[in-house]
Amino acid sequence: MQDDLTGTINGAKDAQDLIELATAEDSVGDLLRRGLDWLTRVVRFDLATVFLLKEGRLVSVAARGPLANAKVRQHSLKLSEFPSLRHALETRRAKAFTEEDHAHGDGDPFDGVLDLPPGHSCMVVPLCAGERCYGVLSLDRAECETYPQPVVDLVEVYGQMLATALQSAEQRVTFERLHRQDHEHAKLLEAQLGGDSEGILETSRSPVMRDLARRARQVAETDTPVLITGETGTGKERLSRAIHRWSSRADQPFVTLNCAAIPAGLLESELFGHVKGAFTGATKDRAGRFQMAHGGTLLLDEVGELPFDLQAKLLRALQEKTFEPVGSDKTVRADVRILAATHVDLQQAIAQKRFREDLYYRLSVFPLRLPPLRERREDLPQLCDFLLEEQSRRTGRRGMRVTPAGLARLETYEWPGNLRELANALERATILTRGNELGPEAFDMPTRGAVAATPSVEPVASVAPAAGEPKLAPVLTLAAVQREHILRVLTLTRGRVYGEGGAAALLGLKPSTLQSRMKKLGIARLEQFVVDEA
Ligand SMILES: Nc1ncnc2c1ncn2[C@@H]1O[C@H](COP(=O)(O)OP(=O)(O)OP(=O)(O)O)[C@@H](O)[C@H]1O
């Protein structure tokens with residue numbers, strides 16, 4: 001198709017370019033520039049102008065052709081004064097103007113801006129997609145001739161494509177803004193709840209802790225993997241967050257994956273993502289934690305629980321920084337700094353063939369061992385202040401403090417659940433106390449001697465027997481009874497939580513519920529129950 005008003009139309013190639021234009025992830029400016037480039041190939045004009053609708057006005061945002069000048073680029077029109085433009089938007093149809101239209105219609109949109117002859121070639125194309133009309137495209141030529149209908153139809157399709165591309169560019173901007181807002185919001189919440197604070201690390205009174213914090217800050221500056229070990233509740237996750245915040249990746253995502261909390265069959269997809277149809281229930285592509293952490297830090301919590309076959313895949317992802325989502329043969333690259341945490345003795349797990357030695361050496365380039373609370377008792381006063389302050393942000397109970405006698409009481413306890421147990425003890429004491437002072441009577445843990453005798457139970461109080469009556473057993477807290485019972489069942493199942501005959505099934509709980517209860521009660525996961533089956 002070629003005449004005075006059409007350019008050279010190169011069939012499939014032009015259609016393909018147009019589709020590419022509509023699906024490209026360009027910014028709005030680039031999109032308009034490329035869109036007008038495309039148009040020059042298929043239709044002749046001296047001026048193509050894109051006007052976008054803003055508060056009842058059509059504002060020129062891009063212009064192309066020999067007549068495009070600064071005045072055209074700054075031009076704007078009141079839509080209500082141009083019925084022909086309004087009509088094009090209402091009917092969503094492109095229209096070529098004839099000499100007659102010019103004689104009886106509204107004024108020329110470029111009156112006062114350009115000196116175009118009466119009856120010049122002119123076409124108006126609405127830019128509408130879905131529910132929205134974004135504006136109009138106008139084509140003008142200094143010659144007096146009407147654009148033929150096939151050209152109008154073609155440019156109308158172009159207008160629809162351009163509007164669709166504008167729509168997706170707009171959606172992308174909105175999505176990115178919402179994503180940013182979510183990120184900001186999450187950070188704010190974290191800050192409000194105190195989760196963005198490193199807690200008592202560098203300010204610790206314990207020389208061991210201070211040294212650990214110093215080394216953590218040094219390694220934070222690098223991309224070296226760090227293996228954080230320590231008993232349950234010693235603050236491994238909080239230390240990981242501190243390392244992330246101290247690193248140059250601080251503004252990028254911090255993503256965690258608790259390898260013990262996710263059923264083994266789903267872990268690979270959680271780590272590396274999956275593609276639609278990879279397995280029953282995979283109804284769409286889903287990014288894994290590696291992709292989510294791109295540019296940032298990924299904490300593999302309870303890494304000792306990672307199934308053996310998945311450990312090889314993780315090793316490859318660490319070495320090559322690439323992996324394949326489940327069900328895909330496409331290799332994905334992610335730039336992720338890895339932190340791993342565990343409370344199990346990985347050396348022992350290696351000896352029992354439950355953990356790969358090569359992965360261990362990869363993860364443990366820089367090991368950090370968090371001491372248990374009983375080895376840093378000198379931090380108790382600071383920790384109590386810190387945890388009470390943090391708790392007050394959640395509960396509103398401000399100004400709580402532990403009296404010196406209360407502290408002396410806390411110092412006599414062994415703290416098997418470490419900082420988490422301390423936080424829980426303080427919260428319980430706050431609930432049970434009317435005033436602001438937590439004295440020894442506010443705390444329900446046994447003294448050091450009692451702990452040694454019955455390590456897994458926590459009596460609240462001994463009920464004094466009346467004279468002549470046999471001695472009564474100590475009254476246990478509900479938590480202590482639960483703890484003891486769960487430990488018994490875990491021993492029976494040799495540490496197995498999941499599946500038929502697992503502890504969760506025996507206790508009538510969902511495995512995830514049992515896991516979280518175990519975590520709360522400070523029950524370390526499972527190696528002490530596992531009998532080496534080799
Ligand atoms: N350095 C710290 N200063 C003050 N409080 C801390 C510190 N580290 C941890 N905590 C508190 O102790 C509790 C347990 O912390 P965290 O979850 O980081 O421990 P963890 O070792 O990762 O536990 P788990 O082994 O169960 O995964 C949380 O309430 C946390 O706020």
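Naming follows an unreviewed UniProt entry, where the chain appears as Formate hydrogenlyase transcriptional activator of Pseudomyxococcus hansupus.

Sheet architecture is open: five strands sit in the order β8-β9-β12-β7-β13, paired in parallel fashion. Sheet topology places β8 (254-258) and β13 (366-369) at the edges, where each strand pairs with a single neighbour. Strand-to-strand twist across the sheet, computed as the mean angle between neighbouring axes with direction ignored, equals 20°. Sitting on the sheet, helix α7 (residues 207-220) is in contact with β7 (226-229), β12 (337-342) and β13, with an inclination near 150° to β13.

This part is about the side chain of His244. Looking at where His244 falls in the secondary structure, it is placed in helix α8 (residues 236-246). At 2.6 Å, the side chain of His244 forms a polar contact with the side chain of Thr297. Ignoring sequence-local partners within four residues, the contact set of His244 consists of Arg249, Ala250, Gln252, Pro253, Phe254, Gly296 and Thr297.

A separate point is the nonpolar core. With 33 residues, the main nonpolar core has Phe290, Leu298, Leu300 and Phe355 as its most contacted residues. Contributions of two or more residues to this core are made by β8, α9 (264-272), β9 (297-301), α11 (308-320), β12, α12 (346-351) and α13 (357-363). Examining the composition of this core, we find that five residues originate from one element, α11, more than from any other. Among all residues touching Phe355, those that are not within four sequence positions of it are Val303, Gly304, Phe308, Gln311, Leu346, Ala349, Ile350, Tyr360 and Leu363. Core analysis: the second largest hydrophobic core is formed by 30 residues, Trp38, Val151, Val152 and Leu166 among them.

What follows deals with the sheet that holds strand β3 (residues 76-78). Taken in spatial order, the six strands of this open sheet run β3-β2-β1-β6-β5-β4, and their pairing is antiparallel. Bordering the open sheet on either side are β3 and β4 (95-97), each of which pairs with just one other strand. When the angles between neighbouring strand axes are averaged without regard to direction, this sheet yields 25°. Where strand β1 (residues 47-54) lies against strand β6 (residues 132-141), six bridges are found, and the strand directions are antiparallel. Bridging across to β6, Val50 finds its partner in Leu137. This element, helix α2 (residues 28-42), spans β1, β2 (57-64) and β6 of the sheet and lies at about 60° to β2. The sheet strands contacting helix α4 (residues 83-91) are β1, β2, β3, β4, β5 (121-129) and β6, and the helix crosses β5 at an angle near 40°.

The rules behind these values
- Every chain is numbered on its own, with residues counted from 1 as its sequence reads.
- Reporting of local features is limited, given that this is a predicted model, to residues whose pLDDT is at least 70; pairs of side-chain atoms are given and counted only at 80 or more, and all residues count toward the totals for whole chains, interfaces and linings.
- In computing side-chain properties, one takes all heavy atoms of the structure into account and sets aside hydrogens as well as water.
- When DSSP locates at least two bridges between a pair of strands, those strands are taken to pair.
- Helix numbering and strand numbering both begin at the N terminus, where a helix is a DSSP run of H or I of at least 4 residues and a strand a DSSP run of E of at least 2.
- Helix axes are fitted to C-alpha atoms over the stretch in contact, other axes to C-alpha atoms as well, and angles between N-to-C directions run from 0 to 180 degrees.
- Contacts between residues were defined by any pair of non-hydrogen atoms, one from each residue, lying within 4.5 Å.
- N or O atoms closer than or at 3.5 Å make up a polar contact, with two conditions inside protein: a donor-capable atom paired with an acceptor-capable one, and, for residues adjacent in sequence, both atoms drawn from side chains.
- Here the nonpolar core consists of buried residues drawn from Ala, Val, Leu, Ile, Met, Phe, Trp, Tyr and Cys, with membership extended through side-chain atoms lying within 4.5 Å.
- Partly exposed describes any residue whose relative accessible area lies between the buried limit of under 20% and the exposed limit of over 50%, with all areas from a 1.4 Å probe on protein chains only and scaled to the type maximum.

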